Amino acid sequence: MKNVTIALSLLFTTAFVTANEIADSQKKWIPVYKKQKNIPAPADMLINTDKEPNLKKGFVSLYNGKDLDDWTPRGGHCKFEAKGRTIVGTTVKGSPSTYLSTKKDDYTDFIFSAELKWEVDGNTGVMFRAASKSGDGKNKDQETVFGPQAEMEAYSKERYWSGGIYGQSAGGWIYPMWLEAHEQARTAMKRKGEWNRLTIQAKGDTMKTWLNGVPAAHWKTDQYKQGFFSLQIHSGREGTVLFRNLKVKELK
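Anyway, here's the lowdown on the structure attached to this text. (Residues numbered from 1 in each chain as written. Predicted model: local features only at pLDDT ≥ 70, side-chain atom pairs only at ≥ 80, totals over all residues. Heavy atoms only, no water.)

**Topic: the overall build of the chain**
- Secondary structure assignment for the chain yields two helices and 15 strands.
- At 19 Å, the chain has a C-alpha radius of gyration in line with the 18 Å of a compact globule built from 252 residues.
- Reported as C-alpha extents along the three principal axes, the dimensions of the chain are approximately 65 × 45 × 35 Å.
- Burial statistics for the chain: of 252 residues in total, 48% are counted as buried.
- Of all intrachain contacts in the chain linking residues separated by at least 6 positions in sequence, the fraction that spans at least 24 positions is 69%.
- Per element, the accessible surface of the chain, about 13000 Å² overall, is 50% carbon and sulfur. (Helix = DSSP H or I, 4+ residues; strand = E, 2+ residues; numbered from the N terminus. Rg over C-alpha atoms; globule rule 2.2 N^0.38 Å. Buried < 20%, exposed > 50% of the residue type's maximum accessible area, 1.4 Å probe, protein only. Contact = heavy atoms within 4.5 Å. Areas by Shrake-Rupley, 256 points an atom, 1.4 Å probe, with all protein chains shown as cover.)

As C-alpha cells, this is what we get:
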C-alpha cells in the first residue's frame, strides 16, 4: 500500500510539473518576454480547472440594443457603433488603442460574459476592474486606461493566447497562455467569421476566465478590487471586431 501511495504521489507530481511547463510550441516566445519584470514563472502559475459558470440566471445586459448611452470611449478615437444586437468596434489609423467603457465604474465581484467576432483581424479584449488616469508631460491630455484585460488576440499571430490576462498599461502579460496545461484553451479559439464566447469571473482576489467554455486563466491579486469594463480596439492600421450578448451578474 505504501508503494502504491508513493507511486501515485510521483505520478501526480510529474503530471503537475509537465502541466506547468511551457509548451514546445510556445518556447519561441520566451526570449520575447525575457525582459518583462513581472512575467510569471511557469511553476507559479495557477491552473483553471473549473467548469464555466452557469450563464443563464441573474444576469443584466450591458448593452440596450439601441445606443451606447451607458458607455463612454476612453483613451483614443477608434470608432464604436451600436448596430442592432451588436457593438461594432473599428480601428482608426493613427488613433491610440481605444476602450469603450461602462459608465458604471464600481464593479467588484461578478461573472461577465460576451461574444466576439472578427470581421477584420485585430487585437482586442475586455478589461475588467479597470481604471483610468490622465497623462503627464507632453501627453497630459491623453487618458490612459489601465488594469487587467482578458485578451482576445488577433488570430493572425498564431499563438492563441486568447483568454489570457494582460496588464494593460500595468506591466504586460500577467497570465500568458503558454503552458502545456493551456493546450485545450489554445485550440478553443474560433477564427474569423465565427463567434467566440469569453467569460470572466472575479471573486475577491481570484480571477478566472473561460474561452468558449474551456478553462483558461487563473490569477490571484489584491491589487485590482473594483472598476469598469472596457471593450478594446487596438491601435494599428486595421481591425473590426463585433461584440454581442454582453452581460454581467454581480456576486454578493
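**Regarding the pattern of salt bridges**
- According to the stated counting rule, one finds 13 salt bridges in the structure shown.
- Between Lys-208 and Asp-50 there is a salt bridge, with its nearest N and O atoms 2.5 Å apart. Of this pair, Lys-208 sits in strand E12 (residues 206-211) while Asp-50 sits in the loop between helix H1 (2-19) and strand E1 (60-61), and the two are 158 residues apart along the sequence.
- Judged by relative accessible area, which is 12%, Lys-208 ranks as buried.
- The salt bridge involving Lys-79 is made with Glu-81; its shortest N-O contact spans 3.9 Å. (Salt bridge = Lys/Arg side-chain N within 4 Å of Asp/Glu carboxyl O.)

**A short note on the pairing of strand E6 (residues 110-120)**
- Burial analysis of E6 places nine of its eleven residues in the buried class, the great majority of the element.
- Both E6 and strand E11 (residues 196-203) contribute to a ladder of seven bridges, which runs antiparallel. Bridging across to E11, Ala-114 finds its partner in Leu-198.
- Where E6 lies against strand E15 (residues 240-250), nine bridges are found, and the strand directions are antiparallel. By the bridge assignment, Phe-112 is partnered in E15 with Val-248. (Pairing = 2+ DSSP bridges.)

**A closer look at unusual backbone geometry**
- In this structure, Tyr-160 takes a positive phi of about 65 degrees despite not being glycine.
- Inspection of the secondary structure assignment puts Tyr-160 in the loop between strand E8 (143-152) and strand E9 (165-168).
- Positive phi is not limited to glycine here, since Ser-169 has a value of about 50 degrees.
- Relative to the helices and strands, Ser-169 resides in the loop between E9 and strand E10 (172-175).

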